[in-house]
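Topology and contacts: notes
Spelled out from the first residue to the last, the chains are:
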Amino acid sequence: MSKIIKLRIRNLKKSFGSKMVLNGINLDICEGKSLVVIGASGSGKSVLLKCIIGLIRPDSGVIEIDGKNVISLPRYEREAYMHKFGVLFQGGALFDSLSVWENVAFGLIATRNINRSTARGIALKKLAQVGLSEDVANLSTADLSGGMQKRVSLARSIANDPKFIFFDEPTTGLDPIMADIINKLIVKCTRDLGITGFLITHDMSSARKIADRIAMLYHGKIIWEGAVNKIDNSGNNYVNQFINGKAELPI
Amino acid sequence: MNPLAAIGRNFITFLASTGRIVLFALSIICHCLQPPLYLRLILRQFIEIGYHSLPMVGMTTLCSGMVVALQSYTGFARFFAEETVATVVVISMLRELSPVLTGLMVAGRVGASMAAEIGAMQVTEQIDALTTLSTNPYKYLIVPRIIASIISLPFLVLIGDIIGVYGGFMIGIYKLNFNAASYIFFIVHHLEKIDVIAGMAKAIVFGFLITLMGCYQGFNSRRGARGVGLATTNAVVVASIMILLTNYIITEIFFIN
Ligand SMILES: Nc1ncnc2c1ncn2[C@@H]1O[C@H](COP(=O)(O)OP(=O)(O)OP(=O)(O)O)[C@@H](O)[C@H]1O
Ligand SMILES: [Mg+2]
C-alpha cells in the first residue's frame, strides 16, 4: 500500500476582510486515497478547495502537492500542475456558450493536439459513464436540468484522465439512483484507477461509500479526521450531530 | 459626514481604479503579443463586433450626414452654398462624427454585451473553470475580443464615412437641388488623406477602449444579477467618457499643428 503523501496542508489561513473562513487547516491525503470533507453550509469547504487548486490565494500556510509548495508558484508553473487536476465546481460552471460535448471535450482540445472529431468521441464515452446518452451531446448546456448539468460537469472533470480529482458536492441535486451511479464512478476512479480524491459532500451515505478518510471542518479548523469506518465512534459531539442530522446542540 | 473626507475618498477610489485599469490594459497587451491565439474565436468576434454592428452604424451615420447637410445649408446658404455644404459634411463626418458616433454606438452594443457575458461567466465560476481546464481566460476571452474590435472598428468607421457623406449628398441633390456633378467635385476636392487617417486612428483607439472596459468590468463584476447589471452600465458609461476624452486628444494631435 502506498503511503506517499500527495497533498499536505499545514496551518492554512484565509479570511475575507474581517471574516476568518479558514483558521489553520492541517490535512494530508495519501496517493490514491480519497478524503471527504464534511461540514456545515458556509463553513468554508469550497474556499478550502479553491485554495488548493490555486483559485484563491490563502493568507498564510503551506500547500504541498507532490512535495512542492504550490502557493508561491508563478502562474505558468501553476498552470502546468493544474493539467493533472479534474475539478467539479459546486455550481457546475459549464460554459453556456458551448454545447454539451464541447464542454466535456474542452480540456482535451485545449491541452492535447487532437482534432475535434476524436475529442467528440472521447467526450461521448465520458458522457456515457455519467449516464448521459448521445442525444444530449449536441444540446446547449442551458437546456439541461440541474442534475444533468452536474453530470456533464463531472464528465468534463474526468475527461482529461486527471491524477487528482476535486469534486465539490458531486451528488447534490441527483436522484438516489443517479447518485449511486456517480458514487460508483468516483469509487472506480479512486480505487481502480488510483486517482487521488478531495471530495466535498453533505450526503453522509455518499461519503461513506466514496471516502477512505473523512475530515470535518468546523469554525475554520479540522475538528476530526479519521478513517471512514471510525466515523460512528468518533467520540466527537459535533461529528455525531452532523452525521445524525440533529438540530440540537452543539453546532 | 465630512464633505471633504467624502471627496477625498472618492478621489482615491478613482485613482486606484485608474491604476487597476492601466495594469489590466498592460497585461492584455502582453497576452495579445504571445501565442496561442484562438483563430476560431477571433472570427466569431469579428462577426459579432463588426458585421452585426453594420446596420446600426449605417443608420447613425446616414442620419447625421443628412442632418449636417441640412444644418450647414441653413447656416451658410448665403455664401457658396454648394461648396460649403460639401466641405462641411466631408470634414465633419470623416474627422469627428463618424468615428465618435460609431464608437459610442459600438460601446452601447458591444461593450455592454461583453460586460454582461463575461460578468455572468465570472459569477457562475466559468472563468475559474477555464483556468482549471488549462486555458488562460485572458487569452480565451479577452484577446479575441480586443483583436477583433481594433480591426473591425476602422472598417466600420470607413463604411460610416462613406454612408454619411452619401447621406449629405442625397440631401444636397434631392432637397437643396444642388448640381450632382459639382457637388461630387467639391467632395473629392476637399477629401484629404489626413482626415481619413485620423478617423481610422481614432477607431483603433476606441475599439481598444470599448473592449478594455467591457472586459474589465465583466471580470470585476460583483456577484448576483445586480452586480452584472452594474458592470454593464459602468462599461458603457466609462467607455463613452473615455471615447469623448481621447477623441479630443487625438483631434488635437492630428489637426492643431
Ligand atoms: N469570494 C468571497 N468573498 C467573500 N467571502 C467569501 C467569498 N467566498 C466565500 N466567502 C465566504 O466564505 C464562507 C465559506 O464559504 P464556502 O463557499 O466555502 O462555504 P461551503 O462550506 O462551501 O458551504 P456550502 O456547503 O453551502 O457550499 C462563507 O461565509 C462565504 O460568505
Ligand atoms: Mg460549497
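Taking an unreviewed UniProt entry as the reference, chain B is identified by name as Conserved hypothetical family protein belonging to Candidatus Endolissoclinum faulkneri L2. Database annotation for chain B, UniProt heading Function (unreviewed entry): "Could be part of an ABC transporter complex." What UniProt records for chain B under Sequence similarities (unreviewed entry) is the sentence "Belongs to the MlaE permease family."

In the nomenclature of an unreviewed UniProt entry, chain A is known as ABC transporter family protein of Candidatus Endolissoclinum faulkneri L2.

Turning next to the overall build of chain B. In terms of regular secondary structure, chain B is built from 9 helices and 0 strands. The principal-axis extents of the C-alpha atoms in chain B amount to approximately 65 × 55 × 35 Å. The 257 residues of chain B split such that 49% are buried. Here the analysis covers contacts within chain B between residues at least 6 apart in sequence; of these, 86% occur between residues at least 24 apart. Counting only carbon and sulfur atoms, one obtains 73% of the accessible surface of chain B, whose full area is about 12800 Å².

Attention now moves to the interface of chain B and chain A. Facing the 16 residues of chain B at the interface are 23 residues of chain A. Of the roughly 1700 Å² buried between chain B and chain A on both sides combined, carbon and sulfur atoms contribute 58%. The shortest N-O distance in the salt bridge between Lys50 of chain A and Glu125 of chain B comes to 2.6 Å. The tally of links between chain B and chain A comes to 3 residue pairs in polar contact (both at pLDDT 80 or more). Of all the secondary structure elements, the ones that give two or more residues to the side of chain B that touches chain A are α5 (126-132) and α6 (137-175) of chain B. For the side of chain B that touches chain A, the leading source of residues is α5 of chain B, giving 6 residues. Here the residues of the side of chain B that touches chain A sort into 6 nonpolar, 7 polar and 3 charged.

This paragraph deals with the site of ligand 1. Residues and elements named next belong to chain A. Around ligand 1 lies a shell of 14 residues, among which Lys19, Ser41, Lys45, Ser46 and Gln90 are the nearest. Within the side chain of Lys19, an N or O atom sits 2.3 Å from an oxygen atom of ligand 1. One of the side-chain N or O atoms of Glu169 is found 3.4 Å from an oxygen atom in ligand 1. Within the complex, 64% of the 640 Å² of free accessible area of ligand 1 lies under protein. Looking at the shell around ligand 1, the elements with two or more residues in it are β2 (19-30) and α1 (45-52). The element contributing the most residues to the shell around ligand 1 is α1, with 3 residues.

Residues given the UniProt feature "domain: ABC transporter" (unreviewed entry) here are residues 7-244 of chain A. In residues 7-244 of chain A, helix accounts for 36% and strand for 26%; the two terminal C-alpha atoms are 29 Å from one another.

Residues and elements named next belong to chain A. Across the sheet, which stays open at both edges, the 6 strands sit in the order β6-β7-β8-β3-β9-β10 with mixed pairing between neighbours. Pairing within the sheet leaves two strands with one partner each, and these edge strands are β6 (85-88) and β10 (221-227). Taken pair by pair, the neighbouring strands of this sheet meet at an average axis angle of 15°, ignoring direction. As paired strands, strand β3 (residues 34-39) and strand β9 (residues 213-218) are joined by 5 bridges and run parallel to one another. Bridge pairing in β9 links Val36 to Ile214. Along the sheet, helix α7 (residues 176-192) makes contact with β3, β7 (164-168) and β8 (196-200), crossing β7 at roughly 155°.

All names here are of chain A. Within the protein, Ser46 (OG) and Gln90 (OE1) serve as the donor atoms for the magnesium ion (ligand 2), at 1.9 to 2.1 Å. Highlighted residues: Ser46 in helix α1 and Gln90 in the loop between β6 and α3 (100-104), separated in sequence by 44 residues. Residue Gln90 is classed as partly exposed on the basis of its relative accessible area, which comes to 38%.

Attention now moves to helix α9 (residues 237-244) of chain A. Since the α-helix turns once every 3.6 residues, residues separated by three or four places project in the same direction. Residues and elements named next belong to chain A. The complete set of buried residues in α9 reads Val239, Gln241, Phe242 and Ile243. Structurally, α9 contributes buried residues whose contacts are with β3, α8 (204-210), β9 and β10. Two residues or fewer after α9 comes Gly245, characterised by a positive phi angle close to 65°.

Residue and element names in this part refer to chain A. Buried residues dominate β3, accounting for 6 of its 6 residues. Relative to β8, β3 runs parallel, the two sharing 4 bridges. Along β8, the bridge assignment pairs Val36 with Leu199.

Moving on to the pattern of salt bridges. When their charged atoms lie close together, side chains carrying opposite charge are able to pair. For the coordinates displayed, the defined rule picks out 16 salt bridges over all chains. Residue Lys6 of chain A pairs with Asp66 of chain A through a salt bridge whose shortest N-O separation is 3.3 Å. Residue Lys6 of chain A is found in strand β1 (residues 5-16), and its partner Asp66 of chain A is found in the loop between β4 (60-65) and β5 (68-69); the two are separated by 60 residues along the sequence. The exposure class of Lys6 of chain A is buried, given its relative accessible area of 7%. The partly exposed category is assigned to Asp66 of chain A, whose relative accessible area is 44%. Residues Arg95 of chain B and Asp195 of chain B are paired through a salt bridge, measuring 2.8 Å at the closest nitrogen-oxygen approach.

A few words on unusual backbone geometry. Residue and element names in this part refer to chain B. In this structure, Glu125 is a non-glycine residue whose phi angle is positive, near 65°. With respect to the secondary-structure elements, Glu125 resides in the loop between α4 (81-123) and α5. When its relative accessible area of 13% is taken as the criterion, Glu125 is described as buried.

All names here are of chain A. If you trace the 4 strands from one edge of the open sheet to the other, you get β2-β1-β4-β5, paired in antiparallel fashion. Both outer strands of the open sheet, β2 and β5, are each paired with one neighbouring strand and no more. The sheet contact formed by β4 and β5 spans 2 bridges and is antiparallel. Across the sheet, Ile65 pairs through a bridge with Lys68, a residue of β5. Relative to the sheet, α1 contacts β1, β2 and β4, its axis offset from that of β1 by approximately 120°.

Reading the values: the criteria
- Residues numbered from 1 in each chain as written.
- Chains lettered and ligands numbered in written order.
- Predicted model: local features only at pLDDT ≥ 70, side-chain atom pairs only at ≥ 80, totals over all residues.
- Heavy atoms only, no water.
- UniProt positions renumbered as here; feature names shortened; annotations may be inferred.
- Helix = DSSP H or I, 4+ residues; strand = E, 2+ residues; numbered from the N terminus.
- Buried < 20%, exposed > 50% of the residue type's maximum accessible area, 1.4 Å probe, protein only.
- Contact = heavy atoms within 4.5 Å.
- Areas by Shrake-Rupley, 256 points an atom, 1.4 Å probe, with all protein chains shown as cover.
- Buried area = accessible area lost by both parts, 1.4 Å probe.
- Salt bridge = Lys/Arg side-chain N within 4 Å of Asp/Glu carboxyl O.
- Polar contact = N/O pair within 3.5 Å; in protein donor to acceptor, adjacent residues only side chain to side chain.
- Nonpolar A, V, L, I, M, F, W, Y, C, P; charged D, E, K, R; others polar.
- Near = heavy atom within 4 Å.
- Pairing = 2+ DSSP bridges.
- Axes fitted to C-alpha atoms, helices over the stretch in contact; angles between N-to-C directions.
- Donors = N, O, S within 2.8 Å, 3.2 Å for Na, K, Ca; no water.

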